[in-house]
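Structural characterization, general
What follows is the residue order along each chain.
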Amino acid sequence: MRSVGCITSALFLASLAFAQASKVEFEVASIRPSGDIAQGAVNLGFQIDGAQFRINSMTLKDCIAIAYQTKVSQISGPDWISTERFQIAATIPPGFAGREREMLQVLLTQRFNLKMHREKRDFSVYALVVGKGPLKLKESPAVSDADDPDPKGNTTLSGGGSAAGIGVSLGHGASYSFAPNHFAAKKLTMAQFAANIERFADRPIVDMTNLKGRYDLDFDVNAEDYQPMLIRAAVAAGVNLPPQALRLLDSSSSAALADAVAQTGLKLDARKAPLDVIVVDDALKTPIAN
């Protein structure tokens, strides 16, 4: 019995040591508040550049979405996780490039004392599907290492917007712009397209096209619908807007977006769908000091 107890203890200690060794953490990390986004221009994003990992002016909800590769619309929790913004600067340890999301998960858990669980919930969604007409998408060729604007191991995601329009880079040549009455995208997967036009809609958009490539596409928006779409995107980004701007949303709907998307041969189909949700049960509004 004694020997069995010793073996059990040894196995427990060995498994504990393995768990501790397998936990991947940033070498050094700094988190500080970046303040609310005021009226005017918006600039935010994240960057992996060699041994450096940076997040600029993103909410805790944004950071969770990056860490766990999910959409912001599928994260639930206290209101402040959608409004309080943070700057994160961290150093990636040698030999651990490509595991930045794991390290961000550990960092958020440690510094925000993040507690959460997963569950499924039924949502009213728009399913992005292939329409009955011809597809007006141009499939993008695969990007070679020589042509990739982001060197191997590096990623830059950045976005900016103002009353003049929106421009977003998703890294590795994928991007889109939404400037007066026109949406234009390059090298987007359908999942990326669905996730990003969701900013202009009143419910989540789920890719159900089964299209596997990357595509260039564009569509026009009626002038009277363009401004409400920009306002909806600004609200989703947490921008403070005056009441007169928010009132424009009262008379707007996602029908205009559906009509615009139909120009590409795709369709937004309203339906119910169960989606995985991350529920934040508890988190520190002020992260533990660096």
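Residues numbered from 1 in each chain as written. Predicted model: local features only at pLDDT ≥ 70, side-chain atom pairs only at ≥ 80, totals over all residues. Heavy atoms only, no water.

**Details of the sheet that holds strand β14 (residues 266–282)**
The cut-off we apply is this: For two strands to pair, DSSP has to find at least two bridges joining them. For the purposes of this entry, the term helix denotes a DSSP run of H or I that reaches at least four residues, the term strand denotes a run of E that reaches at least two, and both are numbered from the N terminus. Should any heavy atoms of two residues lie within 4.5 Å, those residues are counted as being in contact. Axis lines are fitted through C-alpha atoms, for helices just across the contact stretch, and the angle between N-to-C directions can take any value from 0 to 180 degrees.
Strands sit in the order β4-β14-β6-β12 across an open sheet of 4 strands; the sheet is mixed. Among the strands making up the open sheet, the edge pair consists of β4 (75–76) and β12 (205–207). Bridge count for strand β6 (residues 115–130) against β12 is 3 bridges, and the pairing is parallel. The partner of Tyr-126 across the bridge, within β12, is Ile-205. Along the sheet face, helix α4 (residues 190–197) touches β6, β12 and β14 and points at about 175° away from the line of β12.

**So, the side chain of Lys-61**
Definition in use: Using a 1.4 Å probe on the protein chains alone, a residue whose accessible area is under 20% of its type maximum counts as buried, one over 50% counts as exposed, and one in between counts as partly exposed. In summary, the charge assignment counts Lys and Arg as positive and Asp and Glu as negative, without counting His or the chain termini. For this analysis, a salt bridge means a side-chain nitrogen from Lys or Arg found within 4 Å of a carboxyl oxygen belonging to Asp or Glu. Whenever two N or O atoms come within 3.5 Å, that pair is a polar contact, provided that in protein one can donate a hydrogen and the other can accept it, and provided that, for residues adjacent in sequence, both atoms are side-chain atoms.
Structurally, Lys-61 can be placed in helix α2 (residues 60–68). Although Lys-61 lies buried, it forms no salt bridge, and the closest oppositely charged side chain, Asp-79, sits 7.6 Å away as judged by the N-O distance. A polar contact is formed between the side chain of Lys-61 and the backbone oxygen of Ile-75, at a distance of 3.3 Å. Apart from the residues within four sequence positions on either side, Lys-61 is in contact with Val-72, Ile-75, Ile-81 and Ser-82.

**Notes on the pairing of strand β13 (residues 215–220)**
The two faces of β13 differ: Tyr-215, Leu-217 and Phe-219 on one face are buried, but Asp-216, Asp-218 and Asp-220 on the other face are not. The pairing of strand β7 (residues 138–139) with β13 spans 2 bridges and is classified as antiparallel. Looking at the pairing, Lys-138 lines up with Asp-216 of β13. Strand direction decides the pairing type here: strand β11 (residues 182–188) and β13, joined by 5 bridges, are antiparallel. Across the sheet, the residue bridging to Phe-183 is Phe-219, located in β13.

**Focus: the nonpolar core**
Our working definition: Grouping buried Ala, Val, Leu, Ile, Met, Phe, Trp, Tyr and Cys residues that are joined through side-chain atoms within 4.5 Å yields what is termed a nonpolar core.
Residues Phe-183 and Phe-193 are the most contacted members of the largest nonpolar core, which totals 33 residues. In contact with Phe-193, other than residues within four places in its own chain, are Leu-128, Phe-183, Leu-188, Leu-217, Phe-219, Val-261 and Leu-266. In this structure, Met-58, Ala-90, Leu-107 and Ala-283 belong to the second largest nonpolar core, which totals 32 residues.

**Comments concerning the packing of aromatic side chains**
Put simply, the test is: Between the rings of Phe, Tyr and Trp (Trp by its six-membered ring), a pair exists once the centres lie within 6.5 Å; its type follows the angle of the planes, with under 30 degrees stacked, over 60 edge-to-face, and the other angles tilted.
Within the structure shown, the criterion is met by 8 aromatic pairs. Between Tyr-176 and Phe-183 the ring centres are 5.3 Å apart and the planes differ by 25°, which places this aromatic pair in the stacked class. Just as Tyr-176 is buried, Phe-183 falls in that class too. With centroids separated by 6.3 Å and ring planes inclined at 55°, the aromatic side chains of Phe-178 and Phe-183 adopt a geometry described as tilted. By the burial criterion, Phe-178 is buried, and Phe-183 matches it.

**Quick word on the pairing of strand β9 (residues 165–171)**
Burial within β9 is extensive, with 5 of its 7 residues counted as buried. Looking at chain direction, β9 and strand β10 (residues 174–179) are connected through 5 bridges and run antiparallel. Opposite Ser-169, over in β10, you have Ser-175 as the bridge partner. Hairpin remark: β9 followed by β10, antiparallel, with 2 residues in the connecting loop; positive phi at His-172, about 55°.

**Observations regarding the confidence of the model for the protein chain**
Spelled out, the test is: Confidence of the predictor in every single residue is expressed as pLDDT, which spans 0 to 100.
For the protein chain, per-residue confidence averages 84 on the pLDDT scale, and residues scoring 70 or more make up 78% of the total. Under a pLDDT of 50 for its full length, residues 1–6 has, in the predicted model, 0 contacts with residues more than four places off or in other chains. Of the regions scoring below 50 in pLDDT, residues 11–21 engages in 0 contacts with residues more than four places distant in sequence or in other chains.

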